[in-house]
Every structure is written in C-alpha cells, then in structure tokens.
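If you want the building blocks of each chain, they are given just below.
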Amino acid sequence: MALKLIDLSQEIFQGMSIFPMHQRTFIMTNMSHEENMKMTGSPTVGFSARNLLMSEHCGTHSDGVSEFKPGGPTIDTMPIEYFWGSAICIDVSHIRYPNYIKPKDLESAVQHSGQDIKEGDIVLLYTGHHDRAYGTDKFQTDYTGLSYEGAKWLAEKGVVNIGVDAPAIDQTPDDIKFSGHMICGEYNITNTENLCNLDKLINKRFLYIGLPLKIRDGSGSPIRAVALIEE
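The paragraphs below set out a description of the structure included in this document. For clarity, every value in this text was computed on a predicted model and none was experimentally measured. (Residues numbered from 1 in each chain as written. Predicted model: local features only at pLDDT ≥ 70, side-chain atom pairs only at ≥ 80, totals over all residues. Heavy atoms only, no water.)

1. Some points on the overall build of the chain
Cut-off, in case you're wondering: Secondary structure follows DSSP: runs of H or I at least 4 residues long count as helices, runs of E at least 2 residues long count as strands, and numbering of each begins at the N terminus. The globule rule used for comparison is 2.2 Å times the number of residues to the exponent 0.38, while the radius of gyration itself is calculated over C-alpha atoms. In this scheme, a residue with accessible area under 20% of its type's maximum is buried, one over 50% is exposed, and one in between is partly exposed, where area comes from a 1.4 Å probe on protein chains only. Here, residues are in contact when the closest pair of their heavy atoms is within 4.5 Å. The sign given to each residue is positive for Lys and Arg and negative for Asp and Glu; His and the chain ends receive no count. Just so you know, the charge point we use is NZ for Lys, CZ for Arg, CG for Asp and CD for Glu.
A count of helices and strands for the chain gives five helices and 13 strands. Taken over C-alpha atoms, the radius of gyration comes to 19 Å for the chain, in line with the 17 Å a tight globule of 231 residues would show. Counting every position in the chain, which comprises 231 residues, the buried fraction comes to 49%. Pairs at least 24 residues apart make up 76% of the contacts formed inside the chain by residues separated by at least 6 positions. Here the chain carries 20 positive and 30 negative side-chain charges, and the mean point of each set is 1 Å from the other.

Set out below in structure tokens:
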C-alpha cells in the first residue's frame, strides 16, 4: 500500500496573517555564521540561528481548552490522541459568510462524503476560505463558522478535534459568543485553525497528525499538520 503525505500547514514568517488579538510574528537574527566563528575560534564551521517571537496561536495551531475556559486543560495536559488519529474531511464550502454551519449542513456533508463519524474522530471542515482569501485583507474577516448547535452536533458524535481552513471555528466577525469554542470548553476537546490544502482531502478518511509542542501550561501551540492518505 502506497501512502501520500499532504501538508496541511501554513508557512510561518514575519508579516504573516495573525488573528487580531494575538502577537504578531517577528523573526530576528540571533547569530550569523561569521559571528559564531569569531566566538568559538573555529576556522571551519560557524553556527547560525534565529529567534522567534510569536503567539501560541500562530498560523496553523491547536487550542488548549485553557485559552477560553479558565481552569480548563492546557495544551500539554490534553490527551495526545486529540492531535493525531483517524480523520475525515467534509465539504461545507457552499456555506458562506454571514451564514453559519448548522447541524443540517454537517449531516448533509457527512452523508455526501460517504463516511461516518466515529467516536474519537478528528473532523476537518473544508470551507474554502483559505483558497479564496489567504494573502488578502479578507482572510481575517468574512468567513463562516460553526453555530453553537453545529459544534454541539459534532461534539455529541464523539469528535475530539474540529479543524477548519479559516482563522477560527467560530463565525468570529459576528459571533461574539464564540460558539465553537464554547462547545470545546463544555466537552474539553480541541480545535485546529488555519489549516490549508483541505481540498485534497474532501470526502476521504485518512490519518491526521498535528502534534502540538509540549508547552508547559500552554494555551495552544503551532503545529505541523499533515494527512496520510492511500494513493
């Protein structure tokens, strides 16, 4: 059986698009090859390195429940199984801002996919927002998201990680209750935001891997999300 790896992660760079409430990304030179050679006295090899200043919610990332629920599980204490495992991707790209993704939309998308949601699944929502708006001023605005009932429908199916190709699983421009995050807090599950390349996974079941850094008491973590599919 041949497997294909699909990268689902945004690039991290200075000037990248960041959710407005979070720290912008800065990348600074720590030491050049030449500076290091002077420091060590080595005539042959120098070591260069850069320093990163970025949010725990930079780019493609997963949330610890503690981000939005005081006293909730932090990213380093959440079950590792929430960040890797069997996953499906469903197509809800026809639902556009200002409309919400509701239970009937999810039920229809799952039925159309030919898949079933199983206990412990990771479910990725292809909204098409990354494809349409990444790199434009519209990326941080005008995207659809889950209604409270829609997010609850997924959680009650046993989903442990809800992923999306947009800056948030909520319809954040208007939904100031942050309904998707509310449900994640109620069920102590995670969500993954700023995914990309989900168009390559529509209606498939695959192995998803998006491990967070082991940040003590972290409210979230950037991840390198990938999917393994059969060719």
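2. Quick look at the sheet that holds strand β4 (residues 61-63)
Within a beta sheet, neighbouring strands are joined by backbone hydrogen bonds and run either parallel or antiparallel to one another. Keep this limit in mind: A pair of strands counts as paired when DSSP detects no fewer than two bridges linking them. Helix axes are fitted to C-alpha atoms over the stretch in contact, other axes to C-alpha atoms as well, and angles between N-to-C directions run from 0 to 180 degrees.
Pairing within the open sheet is mixed, and its nine strands lie in the order β1-β13-β11-β5-β7-β9-β10-β4-β12. In this open sheet, the two strands that pair with only one neighbour each are β1 (3-7) and β12 (220-222). Strand-to-strand twist of the sheet, defined as the mean angle between neighbouring strand axes without regard to direction, takes the value 25°.

3. Thoughts on the packing of aromatic side chains
A ring pair, where both rings are aromatic, is described by two values, the distance of the centres and the angle of the planes. For clarity, the cut-off: Two rings from Phe, Tyr or Trp (for Trp, the six-membered ring) form a pair when their centres are within 6.5 Å of each other. A pair whose planes differ by under 30 degrees is stacked, one over 60 is edge-to-face, and the rest are tilted.
Summed over the entire model, instances satisfying the criterion amount to one aromatic pair. Ring geometry for Y134 against F139: centres 5.3 Å apart, planes inclined by 90°, an arrangement best described as edge-to-face. You can call F139 buried: its relative accessible area is 1%.

4. Comments concerning the environment of T74
Our working rule: We define a polar contact as two N or O atoms separated by no more than 3.5 Å, with the added condition that, inside protein, one atom must be a possible hydrogen donor and the other a possible acceptor, whereas residues neighbouring each other in sequence contribute only through side-chain atom pairs.
Along the chain, T74 falls in the loop between β4 and β5 (84-91). The exposure class of T74 is buried, given its relative accessible area of 13%. A polar contact of 2.5 Å, which involves the side chain of T74, links it to the side chain of D76.

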